[in-house]
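Secondary and tertiary structure notes
As a plain string of letters, each chain reads:
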Amino acid sequence: MRLHALSVLTLVTAALGCGPKSNAASSPPAEGEKTTTTVKKDGNKTTIITTTTKMVEAPPPPPRPADPFPDDPLVKYNVDRLNDYRKKAGVPALLYDTKVSAFALEGSKQLAVDHKPHAHFMAKAKGAPGMGTKSAENQGDWEGVPQMDKDPLINGKKQIDVMLKIMFDEGPGGGHHDNMLSTKYTRVGVGLFYAGGKLYLTNDFTN
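All figures in this text were calculated on a predicted structure; none of them were measured in a lab. (Residues numbered from 1 in each chain as written. Predicted model: local features only at pLDDT ≥ 70, side-chain atom pairs only at ≥ 80, totals over all residues. Heavy atoms only, no water.)

1. Considering the overall build of the protein
Of the regular secondary structure elements, the protein holds five helices and seven strands. The helix and strand sequence of the protein, counted from the amino end, reads β-β-β-α-β-α-α-β-α-α-β-β. Taken over 207 residues, the protein has a buried fraction of 33%. Restricting the contact set of the protein to residue pairs at least 6 apart, pairs at least 24 apart contribute 68%. Entry remark: accessible area of the protein is about 13000 Å², with carbon and sulfur atoms responsible for 59%. (Helix = DSSP H or I, 4+ residues; strand = E, 2+ residues; numbered from the N terminus. Buried < 20%, exposed > 50% of the residue type's maximum accessible area, 1.4 Å probe, protein only. Contact = heavy atoms within 4.5 Å. Areas by Shrake-Rupley, 256 points an atom, 1.4 Å probe, with all protein chains shown as cover.)

Below, the structure written as structure tokens:
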């Protein structure tokens, strides 16, 4: 937690002379405040300086902007479809992240070889570039999503649509559904990898 100090400076000047001394008590500092008093003498004058310092939590920094999308239009399509689901649920949109996408792509490549869901994520997500304090992963069919159209772009969109719909249709309590709509995550990485005509899809979420 970052703290900013706010200081209030009060100057009280009194002339020395005859008469009774004031017994007025100053108000005690509020919680989170610290008060210090300094007395300065100059000839027949005494200056009492009271400084009250209050510690307040600094506002959170603004979110880092989304990274530029790569040339592959299917990556942007994947993010846009995720954000369509979030918009319908009244949840803020996810921001595309290049570093997290590089990690997600490695996960998809590994899935295409070992067909073990989340093996790459569980082994290497902690401390990986781009990963925040909270992260989660959704992966498509570990055997790969089969080809659905001869046109590469249309095919890719259909494959992404099918997998995201299956994930979302799990409903509340389903891990894939909840990751897609969670407000804990603000950024997403997309890994799309083709092997043998099949799509291996990874979406990694982080804060």
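2. Section: the side chain of Ser108
Relative to the helices and strands, Ser108 is located in helix α2 (residues 98-114). A relative accessible area of 0% places Ser108 in the buried class. Among the polar contacts listed, one links the side chain of Ser108 to the backbone oxygen of Tyr200, at a separation of 3.3 Å. What Ser108 contacts, discounting residues up to four positions off in sequence, is Gln139, Gly191, Leu192, Phe193, Tyr200, Leu201 and Thr202. (Polar contact = N/O pair within 3.5 Å; in protein donor to acceptor, adjacent residues only side chain to side chain.)

3. Concerning helix α4 (residues 152-168)
Taking 1.5 Å as the rise per residue, α4 with 17 residues should run 24 Å; its terminal C-alpha atoms sit 24 Å apart, in good agreement. Residues Asn155, Gly156, Gln159, Ile160, Met163, Leu164 and Met167 constitute the buried set of α4. For α4, the angular spread of the buried residues around the axis is 155 degrees, confining them to a single face. Tucked into the core, α4 has its buried residues touching α1 (73-88), β5 (135-139), α5 (175-181), β6 (187-195) and β7 (198-206). (Expected span 1.5 Å × (residues − 1). Arc of directions from axis to C-beta.)

4. Quick notes on the environment of Pro152
Mapped onto the elements, Pro152 comes out in helix α4. Under the relative-accessibility criterion, Pro152 is labelled exposed at 63%. Separated by 78 residues in the primary sequence, Pro152 and Leu74 place their C-alpha atoms 9.8 Å from one another.

5. Notes on a nonpolar patch on the surface
A cluster of nonpolar side chains, contributed by Met148, Val162 and Ile166, occupies part of the molecular surface with about 240 Å² of accessible area. Its place among the elements puts Ile166 in helix α4. (Patch = residues over 30% accessible without salt bridge, like charges linked within 9 Å, V, L, I, M, F, W, Y side chains within 5 Å. Salt bridge = Lys/Arg side-chain N within 4 Å of Asp/Glu carboxyl O.)

6. What to know about the nonpolar core
Counting residues in each nonpolar core, the largest one holds 23 residues, and the members touching the most others are Leu82, Ile160, Leu164 and Leu192. Counting residues per element, the ones that place at least two in this core are α1, α4, α5, β6 and β7. Looking at which element gives the most residues to this core, the answer is α1, with six residues. With residues near it in sequence (within four places) discarded, Leu82 still touches Leu94, Leu164, Met180, Val188, Asn203 and Phe205. Counting six residues, the second-largest nonpolar core is a separate cluster that includes Val100, Phe103, Ala125 and Met131. (Core = buried A, V, L, I, M, F, W, Y, C linked by side-chain atoms within 4.5 Å.)

7. Concerning the environment of Ser101
Tracing the backbone shows Ser101 in helix α2. Overall, the relative accessible area of 6% leaves Ser101 in the buried class. Spatially, the C-alpha atom of Ser101 lies 4.7 Å from that of Val190, the residues being 89 residues apart in sequence. Leaving out residues up to four positions away in the same chain, Ser101 has contacts with Tyr96, Val188, Gly189, Val190 and Gly191.

8. Digging into the pairing of β6
In terms of strand pairing, strand β4 (residues 95-96) meets β6 through two bridges, oriented parallel. Each bridged residue has a counterpart across the sheet, and for Tyr96 the counterpart in β6 is Val188. Looking at chain direction, β6 and β7 are connected through nine bridges and run antiparallel. Note on β7: the bridge partner recorded for Val188 is Phe205. Where β6 folds back onto β7 in an antiparallel hairpin, the turn is made up of two residues, including Gly196, whose phi is positive at roughly 60 degrees. (Pairing = 2+ DSSP bridges.)

So far we have only geometry, and geometry alone does not tell us how the molecule works.
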